[in-house]
Amino acid sequence: RMSGSDAANGAAATELDAGARLATVLLSVATSVGLLLVWQGVQHKWALFEAPPRLLLALTALTVVPVLVALLLHRGRERAPWIAGLLYLLLLAPLAWHTGCAVMPGISPNTLIYLCYWLALVAATFALPPLLQARRSHGSAFHYPALFEHACNNALSLAVAGVFVLACGLVLLLWQALFAVIGIHLFERLFQRAEFLYPAAGLAGGMGLVIGRSQLGAVRTALNICLMLGRALFPVVAALALLFLGTAVFSRFEALWQTRHASALLLVLLFAVVALYNAVHQDGLGSVVQGRPLRLLTQAALLVLPVYAGLAAYSLWLRVAQHGWTEERLWACLIDAVAALYAMAYAAAVLAARGGRLSLLDWANPRIAVAAVAVLLLTQSPLLDFRAIAVRAQVADALAPGHDPKLLDLNYLRFHAGRPGNEALQRLQGDPRVNAAMQTSIAAVLKQTYIYQSPAPAAGGIDAQAFRVLPAGTPLPASLLDAVRAPSHGDYGYGPRSEQLGWCVREPGSCTLLQVDLGVGEGPSWVEFDTCGVCNVRVYRAEGDGWVLAGFLRAPGPSVSLDLAKTWSEGRYRTETPPWKDLILGDDVRLRFEPRAADPATPPNKP
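Everything numeric in this text was worked out from a predicted model, so none of it was measured.

Reading guide: rules and limits
- Residues numbered from 1 in each chain as written.
- Predicted model: local features only at pLDDT ≥ 70, side-chain atom pairs only at ≥ 80, totals over all residues.
- Heavy atoms only, no water.
- Helix = DSSP H or I, 4+ residues; strand = E, 2+ residues; numbered from the N terminus.
- Contact = heavy atoms within 4.5 Å.
- Areas by Shrake-Rupley, 256 points an atom, 1.4 Å probe, with all protein chains shown as cover.
- Buried < 20%, exposed > 50% of the residue type's maximum accessible area, 1.4 Å probe, protein only.
- Pairing = 2+ DSSP bridges.
- Polar contact = N/O pair within 3.5 Å; in protein donor to acceptor, adjacent residues only side chain to side chain.
- Axes fitted to C-alpha atoms, helices over the stretch in contact; angles between N-to-C directions.
- Parallel < 35°, antiparallel > 145°, perpendicular 65-115°, else oblique.
- Left-handed = near helix turned anticlockwise from the far one by under 90°.
- Nonpolar A, V, L, I, M, F, W, Y, C, P; charged D, E, K, R; others polar.
- Expected span 1.5 Å × (residues − 1).
- Phe/Tyr/Trp six-rings, centres within 6.5 Å; stacked < 30°, edge-to-face > 60°.
- Lys NZ or Arg CZ within 6 Å of the ring centre and 35° of its normal.
- Salt bridge = Lys/Arg side-chain N within 4 Å of Asp/Glu carboxyl O.
- Core = buried A, V, L, I, M, F, W, Y, C linked by side-chain atoms within 4.5 Å.
- Patch = residues over 30% accessible without salt bridge, like charges linked within 9 Å, V, L, I, M, F, W, Y side chains within 5 Å.

*Asks:* Explain the overall build of the protein to me, please; I cannot follow it from the model alone.
*Replies:* In terms of regular secondary structure, the protein is built from 23 helices and eight strands. Taking the contacts inside the protein whose residues are at least 6 apart along the sequence as the reference set, 69% of them involve residues at least 24 apart. Accessible area of the protein: about 30,100 Å², with a carbon and sulfur share of 66%.

*Asks:* I'm lost on the environment of G106 in this one. Help?
*Replies:* By secondary structure assignment, the location of G106 is in the loop between α5 (80-102) and α6 (111-138). G106 sits in the exposed class, given a relative accessible area of 64%. Through-space distance from the C-alpha of G106 to that of Q448 is 9.9 Å; in sequence the pair is 342 residues apart.

*Asks:* Help me understand the pairing of strand β2 (residues 511-516), please; the structure alone is not making it clear to me.
*Replies:* Side-chain direction in a regular strand flips from residue to residue, so the side chains alternate between the two faces of the sheet. Most of β2 sits inside the fold, with five of its six residues counted as buried. Here four bridges tie strand β1 (residues 467-470) to β2, and the two strands are oriented parallel to one another. Paired with R468 across the bridge in β2 is T512.

*Asks:* Could you clarify how one ought to interpret the side chain of N422 in this entry?
*Replies:* Positionally, N422 belongs in helix α19 (residues 418-429). At a separation of 2.9 Å, a polar atom in the side chain of N422 contacts the main-chain carbonyl oxygen of G418. If we ignore the near neighbours within four places in the chain, the residues touching N422 are M104, L413, R414 and L446.

*Asks:* For this particular structure, what's the right way to read the packing of helix α10 (residues 216-250) against helix α13 (residues 292-303)?
*Replies:* To characterise two packed helices, one gives the angle between the axes of the helices and the distance between these axes. Interhelical geometry of α10 versus α13 gives an angle of 55° and a closest axis separation of 9 Å. Put simply, α10 runs oblique to α13. Considering how the two elements wind past one another, α10 and α13 form a crossing that is left-handed. For the pair formed by α10 and α13, the contact residues are F234, P235, A238, A239 and L242 on the first element and L294, L297, T298, A300 and A301 on the second. For the contact of α10 with α13, a count of residues per class yields nine nonpolar, one polar and no charged.

*Asks:* In this structure, what is going on with the pairing of strand β6 (residues 573-576)? I would like to understand it.
*Replies:* Pairing between β6 and strand β7 (residues 582-585): four bridges, direction antiparallel. Bridging across to β7, E576 finds its partner in D582.

*Asks:* In this structure, what is going on with helix α9 (residues 194-214)? I would like to understand it.
*Replies:* One turn of the α-helix equals 3.6 residues, which is why residues spaced by three or four share an orientation. When the terminal C-alpha atoms of α9 are compared, their 30 Å separation across 21 residues agrees well with the 30 Å that a helix rising 1.5 Å per residue should span. Among all positions of α9, only A194, G202, A204, G205, G206, G208, L209, V210, G212 and R213 are buried.

*Asks:* Would you explain the packing of aromatic side chains in this entry?
*Replies:* Aromatic ring pairs: the centre-centre distance and the angle between the two ring planes describe each pair. This structure, assessed with the given rule, holds 13 aromatic pairs. Ring geometry for Y277 against Y346: centres 6.2 Å apart, planes inclined by 80°, an arrangement best described as edge-to-face. Taken together, the positions of Y277 in helix α12 (residues 262-281) and Y346 in helix α15 (residues 327-351) put the pair 69 residues apart, joining distant regions of the chain. The same class applies to Y277 and to Y346, which are both buried. By the ring-pair criterion, three or more aromatic residues cluster together here, those being W175, F179, F187, F191 and F196. Residue placement shows R367 over the ring face of F142; its charged tip is 4.3 Å from the ring centre.

*Asks:* Can you help me understand the pattern of salt bridges in this one?
*Replies:* Opposite charge on two side chains permits them to pair, given that their charged atoms come into close proximity. Here the structure, examined in full by the defined rule, presents ten salt bridges. For D385, the salt bridge identified is with R387, shortest N-O distance 3.7 Å. On the basis of relative accessibility, which here comes to 2%, the residue R387 falls in the buried class. The closest approach of N and O atoms between D431 and R433, which form a salt bridge, is 2.9 Å. What makes D431 buried here is its relative accessible area of 13%. Residues joined in a network through salt bridges with shared partners are D582, R590 and R592.

*Asks:* Can you help me understand the sheet that holds β7 in this one?
*Replies:* Two strands in a sheet stick together by hydrogen bonds in their backbones, pointing the same way (parallel) or opposite ways (antiparallel). The sheet built from eight strands is open, its strands ordered β1-β2-β3-β4-β5-β8-β7-β6 with mixed pairing. The open sheet has two edge strands, β1 and β6, and neither has a second partner. On average, each strand axis in the sheet is inclined to that of its neighbour by 30°, with strand direction left out of account.

*Asks:* Explain the nonpolar core to me, please; I cannot follow it from the model alone.
*Replies:* Ranked by internal contacts, the top residues of the largest apolar core, which has 68 residues, are L270, Y277, L302, L305, Y308, Y346 and I442. The dominant element in this core, judged by the number of residues it contributes, is α15, at eleven residues.

*Asks:* Hey, could you run me through a nonpolar patch on the surface in this one?
*Replies:* Taken together, the side chains of V33, L37, W46 and L48 make up a nonpolar region of the molecular surface, amounting to roughly 350 Å² of accessible area. Residue placement: L37 occurs in helix α2 (residues 18-43).

*Asks:* Explain unusual backbone geometry here, please?
*Replies:* Leaving glycine out, the prevailing phi sign among residues is negative, and the prevailing peptide bond configuration is trans. Residue P471 follows L470 across a cis peptide bond; omega there is -10°. Of note in this structure, Q282 is not a glycine but carries a positive phi near 55°. Along the chain, Q282 falls in the loop between α12 and α13.

Here you go:
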C-alpha cells in the first residue's frame, strides 16, 4: 500500500547485508549462551543470581534488549542499533531492579509480579523498534505508513523465527528417535542436555530471524493474507457490536451487570473492532471502505465504541464500589483508559473524515500506543506501582470504621503482592485495630513459604473436632483417624499429607467424613472430603480392627464445582451400587470409585 518511492526506501532500509546477518546470528547464539549460564547459576545457587533483582536484571539484558538490537540491525558496521540497545538497557535496569526488589525470596508464588513485568516489557519492545526504524527511513518517528510497514514486518519476522526454532526442534526429535530405534542413544542424551539445547535454540532463532527479515516478498505475502482475513472479518464484528448494543439497551443491561466479567467482555469486543478495522485502514494510503451500506456499518460501529468504553468503565466502577481496589482492578482500569482513548479517537476520526478516509487515525494510533507503553513501563516503577497502591487500598478499607479486618485477603498480601504485601502484614501485627484472632492468622500466614502450605499443626495432632461427621451423630471410630493421617501415593492436592489436613485444623468444619455404603469391603465405608472439595476424595474401608485407604472417588468428566456445605445441609447425596461404586452429590455430580493403586517403592516427591 506504500507509494513507489516509499516502498523502495522501506525495502532498502529493511534489506540486510552479510555483516548484519552474521551479527544477528552471533547475537542470538551469545544470548542463548548467556541464558544457559543464568540457568546453571540458578540451578547451582550461584551467589550472583540468588538475589531476585540481579536475576531479573540479567534476564532483561539477555532477552528483550537483544531482540531490539537484532530488529534494528541492517548493516554489519553500523553502531546505532547497539547504542539504542545500551540506552534501552539503561532505561529498563531501574525497572528490573525495582520489580526484583518486590519479589520475596523463598516465597512461592510470585507469578503475578513476573507476569506483569514481562507483559510490559514485551509491549515496549514491540512498540519501540518501528518508531526508530521509521525515523531512520523517513525522518519522522510518527510517519504512519512506515510505522505500519515496520511493525508488521517485525511481527512476522519474529513469527518466522519462532516457527523455524520449532521446526528445528521437531527435526532433532526425529533424529534422536531414529537412532534410538537402532540402539544408539548418544543423540537422545545429547539433545536433552541444556548445554546443547540453549545454543542450538539460539542458532536456530538467529537464522530464522535472518530469513524472516531477508525474505521481504514472502513476508509481505503473509501480511497481505492476514490483512485480507481481517478485512473479511471486520463487517461481522462491526455488526455484532451494533446488534449486541441494541439488544443490551432493550434489556436495560440487567443481564450484563449480573456477570462477573462484563468489563472484560466489553473490552474484548472493543479491541476486536479496533484491531480488525486496522486491517481495513492499513497504512492509511487510499484506504476507503467501498460500498455505501458497508461504509455506514463501519461508521456506526466506530461511533459506538465510546459507549462500550463507558459501559466497561461503569461495570468496573460497580466492582470497585462494592469490593474496593485490587491489583487486577487497577490493571483493568488502565486497560479501560487505553480503550477509551482508542474509542474516542476512532469516533472523532469518523466525524472528521474526508472522502471516506479516517486520516485522524494516522496521527492518533501511534501516539496512543506510545502513551500506553509509557504508562505500562511506569507501572513497573515506584511512580505507579499497582501492587503498593492495591495493598494500601485494601488495608485502609479493611481497617476503616465499621469494616471487618477478617475480609482482608492474607494470601494475596503474602504470596502475590510481593514485598509491599509482606511489609503490610508485618505492620498489621502491631496494629491495635486488629483483634487477637486476626493477629494469630497473620502470624500463621507469615510462616508459610508457599500458598498451599498449611500453617496449622502437623497431621499427627488432628482429632475428630477438625471434621464434620455425617450423618450427624454417627460415632467416629478412633482408629479411622490413623488411616486419615497416613500419606498415600495417588492423592491429589498440594503439599504433604500433613499440610492438606492442616487446613482442616485451621478451619474446623471445612472437612467432612461421610459414612456411606459404597460396596467397598465389609460394611459401610468412610469418605473424606477436604478443603479441596471434590478434587481429592479418599475412601476408607474396615480391615481387621482398623481402617485402611481403599481408593479414591474421581469425577469422570470435566472438573466440577459444588456447594458442598449446602449439599450436606440438605442431605442431597446418595450412592449407586452395583454395578458401580458411585457417590452422587446434589443432582448430577457423580463421583466414581477407583481402587487404590499399589504404592511405589519410593513415592514421588510432591511440592
